[in-house]
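Residue strings, one per chain:
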Amino acid sequence: MTLETMTGGCRCGSIRYHIPGAPKFQVQCHCRQCQQTSGGGHASIMVCSNEGFEMSGKASTYSYTSGDGNEVTHHFCQCCGAPLFNTNSKFAKAVYVMVGSLDDPTVFEPQRHIFTGEGYDWDPKNPDLSHEITLPGR
Ligand SMILES: [Zn+2]
Ligand SMILES: [Zn+2]
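Described below are features of the structure shown in this document.

What counts and what doesn't
- Along each chain, numbering runs from 1 in the same order as the chain's sequence is written.
- Chains carry letters and ligands carry numbers; both start at the beginning, A for chains and 1 for ligands, and go up in the order they are written.
- Residue-level local features of this predicted model are given only where pLDDT is at least 70; pairs of side-chain atoms are given and counted only at 80 or more, and the full residue set underlies all totals for whole chains, interfaces and linings.
- Think of it this way: DSSP has to see at least two bridges between two strands before they count as a pair.
- Each helix is a run of DSSP H or I of at least 4 residues and each strand a run of E of at least 2, with the numbering of both proceeding from the N terminus.
- Connectivity within a nonpolar core runs through C-beta atoms within 7 Å, and the core itself is a set of buried Ala, Val, Leu, Ile, Met, Phe, Trp, Tyr and Cys residues.
- Three exposure classes are used, based on other C-beta atoms lying within 10 Å of a residue's own C-beta, which is placed from the backbone: buried for 20 or more, exposed for 12 or fewer, and partly exposed in between.
- Here the contact rule is simple: place C-beta atoms from the backbone, and any two residues whose C-beta atoms are within 7 Å are in contact.
- Every angle, taken between N-to-C directions, lies between 0 and 180 degrees, and every axis is a line fitted to C-alpha atoms, over only the stretch in contact when it is a helix.

### Quick notes on the pairing of strand 8 (residues 83-88)
Piece 1. Bridging between strand 7 (residues 71-76) and strand 8 involves five bridges; their strand directions are antiparallel. What sits directly across from H74, in strand 8, is N86.
Piece 2. Alignment of strand 8 against strand 9 (residues 94-98), held across two bridges, turns out to be antiparallel. From the neighbouring strand, F85 faces strand 9, where its bridge partner is V97.
Piece 3. Between strand 8 and strand 9, which pair antiparallel and follow one another directly, the connecting turn spans five residues.

If you want it as structure tokens, here you go:
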């Protein structure tokens, strides 16, 4: 698998997706919401365009209002519970793909750590990447 054409799905196999284009950003997000969604210290996320994004099977959703007033929706499998991707009302053309749901997560090339202010010492960050305490540009 390459960054130009990626496939993935949930743990039980009832949901599958296909992303035709390369990701715009690749981040390690340490925010509290990503901790709770991923079950770990951070979430590894590829921000992709929703153009050509295709999914088979039906994902369940959970929506909440983020601190800056946008509606964030988590898409996950109701059968196995695997997190697949998130969407955000402010960035309607983006899909925030949970890297662990890819068929081949080795293609992930993280560029930066974000929301490091909410991270933990036991979840170390790559010193070669840039670190943002919240979001870049905020
Ligand atoms: Zn599943
Ligand atoms: Zn996050």
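Here the narrative resumes, following the displayed structure.
### Looking at the nonpolar core
Piece 1. C29, I45, L84, F85, V97, M98 and V99 are the most contacted members of the largest nonpolar core, which has 25 residues in total.
Piece 2. Of all the elements in the fold, those that place two or more residues in this core are strand 2 (16-19), strand 3 (25-29), strand 4 (43-49), strand 8 and strand 9.
Piece 3. For C29, the residues in contact, after removing those within four places along its chain, are C34, H42, A43, I45, I114 and F115.

### Quick look at unusual backbone geometry
Piece 1. One non-glycine residue with positive phi stands out, namely F115, at about 55°.
Piece 2. Along the polypeptide, F115 turns up in the loop between strand 10 (112-114) and strand 11 (130-131).
Piece 3. Of the residues examined, F115 has 22 C-beta atoms within 10 Å and is grouped as buried.

### Focus on the sheet that holds strand 2
Piece 1. The strand order across the open sheet formed by three strands is 1-2-5, and the pairing between neighbours is antiparallel. Either end of the sheet is taken by a strand with one partner, and the two such strands are strand 1 (6-9) and strand 5 (54-56). Between one strand axis and the next, the sheet turns through 15° on average, direction left out of account.
Piece 2. For strand 1 and strand 2, the ladder comprises four bridges, and the chain directions are antiparallel. Paired with G8 across the strands is Y17, a residue of strand 2.

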